[in-house]
Amino acid sequence: MTKRMMIGLHLGNGYGNLPGAWRAPAVDPMSYSSFDAKVRHAQAAERGKLQFLFLPDGPSHVGDIENEPPNFNLDVMVTLAAVARETSRIGLVATGSTTFNEPFNLARQFKALDVMSHGRAGWNAVTSSGEDVAANYGKRLPSSADRYGRAHETVQLVQSLWGSWGQTAWVHDKATGRFAKPEQIAPINMGGNFVASRGPLYIPPSEQGQPVVFHAGGSRNALDLAGHYASAVIGAAFTIDDARTQRTAFREAAERAGRNPDELKFFAGLMTTIASDRREGLDRRITLSGRIFPQRASYLGQMLGLHIDPAQLDEALSSEQLSRARPSAGDPRSVRALEIASEGWTVRDILAHGVIDYHPVIVGPAAEAADHMQEWFEAGAVDGFWVSPDVYEDGIDAFVDGVVPILQDRGLFHREYDGCTLRDHLGAPAQYGVDPRVTG
């Protein structure tokens, strides 16, 4: 069977990944608080047969609230509950911190969503890394060792709670009056250095048994956590070599944990502005995010080892500047930035290419996005992508109607869902309760 890539959609604040997306002509500025908007965006992704929606979460805001909306949903679980009722196939993945949530609450929320969605839920188990987030819980951020120590205990405890209602325990036989088999619903009485729970969790299995575990992180501790428990990793990479190195590292971590490395899928981020040509796409990005370009010009200069005057955004770098420019060894984006600068674009246009964004950015025709995805996939650098359109309201449709058909015609992406659950979509093996291979 031909291997095909998988695609997830980043679903954030209701607007898109550009700071000014909320001001785009097609966008209702009230979309930040509109669950109808989130449902509409999810349905567009499902129309394109994307495997999952990915909702990050960082319950804090430290940005420019006067001019830009927060990056996250009002509440990821409430959002996905609304989406679950209005979709039927697409996977629903939400972020939940292992540092600032109790395992029983995580277990109950995610398994309830899994039952509601008929087996489409995924938990992005992360440790949180910001002092601003910790402050909202009245705490200081624990050390990495403690955060990941708690994370290991939390994931095992959550999975134990998921399995504490036996798979065949629910009888619901009206004739006999027997609702469930009590011997299959038992406390787990688990505890460690950081967390504990008696259990049981009073929620039966879904069509996929229990939610799928995701992870987002790239540290040594993150590798170990994902290697033990995750079926998918939400990654960030700016080159094929970097992505391939990360993917290999996660696969090796899974193997060290006693798992088949093919069970862990690596997804790289990709930001898109799909337009008829590059000039149209650049102008769209300038209109929506050009306000922040003067401050970004200084950082672009640091990336290239140059002084760039923010007052000269409409000038290209001189030949003398280009001769002195050097990519920063500490910033993997700088190679791409120098490449774009060497093509003769103005500083404003260089920045509009997204060279300082958090993931590679494709600005232009749908075929360019498809080419990027095909190159990375066929190089063995990724199992798929999580895509962040510039503006959800029309950018999701542009991806679904433009990029997806090209990938399908090239035999790189499926035309129909092969199953109904998130495990089906990811090719993740069946699991109920803890994985006996990685516990002890």
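A quick note: this is a predicted structure, and the numbers were derived from the prediction, not measured. The residue count restarts for each chain, going from 1 along the sequence in the order it is written. The predicted nature of this model means local features are confined to residues of pLDDT at least 70 and side-chain atom pairs, given and counted, to a pLDDT of 80 or more, with totals for whole chains, interfaces and linings taken over all residues. Just so you know, side-chain values use all the structure's heavy atoms and leave hydrogens and water out.

Let us now look at the overall build of the chain. Comment: elements are numbered from the N terminus, with helices defined as DSSP H or I runs of at least four residues and strands as E runs of at least two. What the chain contains, in helices and strands, is 15 helices and 13 strands. Looking at the chain residue by residue over its 440 residues, the buried ones come to 55%. The contacts of the chain with a sequence gap of at least 6 include a subset with a gap of at least 24, amounting to 77%. Only the protein chains shown count as cover for residues, and the accessible areas themselves come from Shrake-Rupley with a 1.4 Å probe. Carbon together with sulfur atoms contributes 50% to the accessible area of the chain, which is approximately 18,700 Å² in total. His is not counted, nor are the chain ends, whereas Lys and Arg count as positive and Asp and Glu as negative. One atom stands in for each charge, and that atom is NZ of Lys, CZ of Arg, CG of Asp or CD of Glu. If you average the places of the 42 positive and of the 52 negative side-chain charges in the chain, the two averages end up 5 Å apart. Exposure is judged per residue with a 1.4 Å probe applied to protein chains only, and the accessible area is read against the type maximum: over 50% gives exposed, under 20% gives buried, and values in between give partly exposed. Residue contacts are counted whenever heavy atoms from the two residues lie within 4.5 Å of one another.

Salt bridge, as applied in this entry: a Lys or Arg side-chain nitrogen positioned within 4 Å of an Asp or Glu carboxyl oxygen. Per the stated rule, a full pass over the model turns up 30 salt bridges. Taking the shortest distance from any N to any O, the salt bridge between R247 and D383 comes out at 3.0 Å. Placement of the pair is R247 in helix α7 (residues 240-256) and D383 in the loop between α13 (366-378) and β13 (384-389), with a sequence separation of 136 residues. As far as burial versus exposure is concerned, R247 and D383 are alike and both buried. A salt bridge links D262 to R251; the nearest nitrogen and oxygen atoms lie 2.9 Å apart.

Another point: the packing of helix α1 (residues 35-47) against helix α2 (residues 76-86). The geometry of a pair of packed helices is captured by two quantities: the angle between their axes and the separation between those axes. Their axes nearest at 9 Å, the elements α1 and α2 cross at an angle of 55°. Here α2 runs oblique to α1, going by the angle between their axes. The element α1 and its partner α2 pack so that their crossing is right-handed. Along its contact with α1, which presents F35, K38, V39, A42 and Q43, the element α2 presents V78, T79, A82, V83 and E86. Any residue that is not Ala, Val, Leu, Ile, Met, Phe, Trp, Tyr, Cys, Pro, Asp, Glu, Lys or Arg is counted as polar, Gly included; the first ten are nonpolar and the last four charged. Its residues assigned to classes, the contact of α1 with α2 shows six nonpolar, two polar and two charged. The convention used is that axes are lines fitted to C-alpha atoms, helices contributing only their stretch in contact, and that angles between N-to-C directions extend from 0 to 180 degrees. Orientation categories follow fixed angle ranges, with anything under 35 degrees roughly parallel, anything over 145 roughly antiparallel, 65 to 115 roughly perpendicular, and all other angles oblique. Note on convention: the crossing is left-handed when the near helix lies turned anticlockwise from the far helix by less than a right angle, right-handed when the turn is clockwise.

Turning next to the packing of aromatic side chains. Pairing of aromatic side chains requires ring centres within 6.5 Å, counting the rings of Phe and Tyr and the six-membered ring of Trp. Pairs whose planes differ by under 30 degrees are stacked, by over 60 edge-to-face, and all others tilted. Per the stated rule, a full pass over the model turns up nine aromatic pairs. Taking the centre distance of 6.2 Å and the plane angle of 80° together, the rings of W123 and W162 count as edge-to-face. Of the two residues, W123 sits in strand β4 (residues 121-126) while W162 sits in helix α5 (residues 144-162), which places them 39 residues apart along the sequence. In this pair, the class of W123 matches that of W162, namely buried. Ring centres of W376 and F385 lie 6.4 Å apart, and the angle between their planes is 50°; on these two criteria the pair is classed as tilted. In this structure, W376 and F385 share a single accessibility class: buried. Each residue in the set F52, F214 and F267 is aromatic and connected to the rest through ring pairs, giving one cluster. Placement of a positive charge over a ring is assigned whenever Lys NZ or Arg CZ falls within 6 Å of the ring centre and within 35 degrees of the normal to the ring plane. A cation sits over an aromatic face here: K38 above F35, 6.0 Å from the ring centre.

Take the environment of P205 next. Here P205 lies in the loop between β8 (196-197) and β9 (212-215). Sequence separation between P205 and D114 is 91 residues, and the spatial gap between their C-alpha atoms is 8.3 Å.

Two faces belong to every sheet, and in a regular strand the side chains alternate between them. Burial of β9 is two-sided: the residues V212 and F214 facing one way and the residues V213 and H215 facing the other way are all buried. Between any two strands, pairing holds if DSSP finds at least two bridges. Where β4 lies against β9, three bridges are found, and the strand directions are parallel. Across the sheet, W123 pairs through a bridge with V213, a residue of β9. Here two bridges tie β9 to strand β10 (residues 232-235), and the two strands are oriented parallel to one another. Bridge pairing in β10 places H215 opposite V233. Crossover connection from β9 via helix α6 (residues 220-229) to parallel β10: handedness right-handed. We call a crossover right-handed when, viewed with both strands directed away from the observer, the connection leading from the first strand over the helix to the second proceeds clockwise.

Both faces of strand β2 (residues 52-55) are covered, namely the face carrying F52 and F54 and the face carrying L53 and L55. Of the pairings in the sheet, the one linking strand β1 (residues 6-10) to β2 comprises three bridges and is parallel in character. The partner of H10 across the bridge, within β2, is F54. Sheet analysis places β2 next to strand β3 (residues 91-97), joined by four bridges and oriented parallel. Paired with L53 across the two strands is L92, which belongs to β3. The handedness of the β2 to β3 crossover, carried by α2, is right-handed.

Here V212 is to be found in strand β9. Spatially, the C-alpha atoms of V212 and G395 are 28 Å apart, while their sequence positions differ by 183 residues. Leaving out residues up to four positions away in the same chain, V212 has contacts with A121, G122, W123, S231, L422, R423 and L426.

Right, let's talk about α13 for a bit. One turn of an α-helix holds 3.6 residues; hence residues three or four places apart share an orientation. Compared with the 18 Å implied by 1.5 Å per residue over 13 residues, the 18 Å span of α13 between its first and last C-alpha is a close match. For α13, the full list of buried residues reads A366, A369, A370, H372, M373, W376 and F377. Buried positions in α13, seen along its axis, are confined to an arc of 160° and lie on one side of it. Residues of α13 that are exposed and point more than 90 degrees away from the buried face comprise E375 and E378. Its buried side turned inward, α13 meets β1, α7, β11 (265-274), β12 (361-364), β13 and α14 (392-409). At the C-terminal side of α13, G380 shows a positive phi close to 75°. For a helix, the expected span equals 1.5 Å multiplied by the number of residues minus one. Starting at the helix axis, one direction is taken to each C-beta atom, and the arc is that of these directions.

So, about unusual backbone geometry. Leave glycine aside and you will find that most residues have negative phi; peptide bonds, for their part, are mostly trans. Between G199 and the following residue, P200, the backbone shows a cis peptide bond with an omega angle of 0°. Examined against the element boundaries, P200 turns out to sit in the loop between β8 and β9. Backbone geometry at H118 places phi at a positive 60°, although glycine is not the residue there. Along the chain, the position of H118 falls in the loop between α3 (103-116) and β4. H118 sits in the partly exposed class, given a relative accessible area of 47%. Positive phi, close to 70°, is recorded for S128, a residue that is not glycine. Looking at where S128 falls in the secondary structure, it is placed in the loop between β4 and α4 (131-136). On the accessibility criterion, S128 (15% relative accessible area) is buried.

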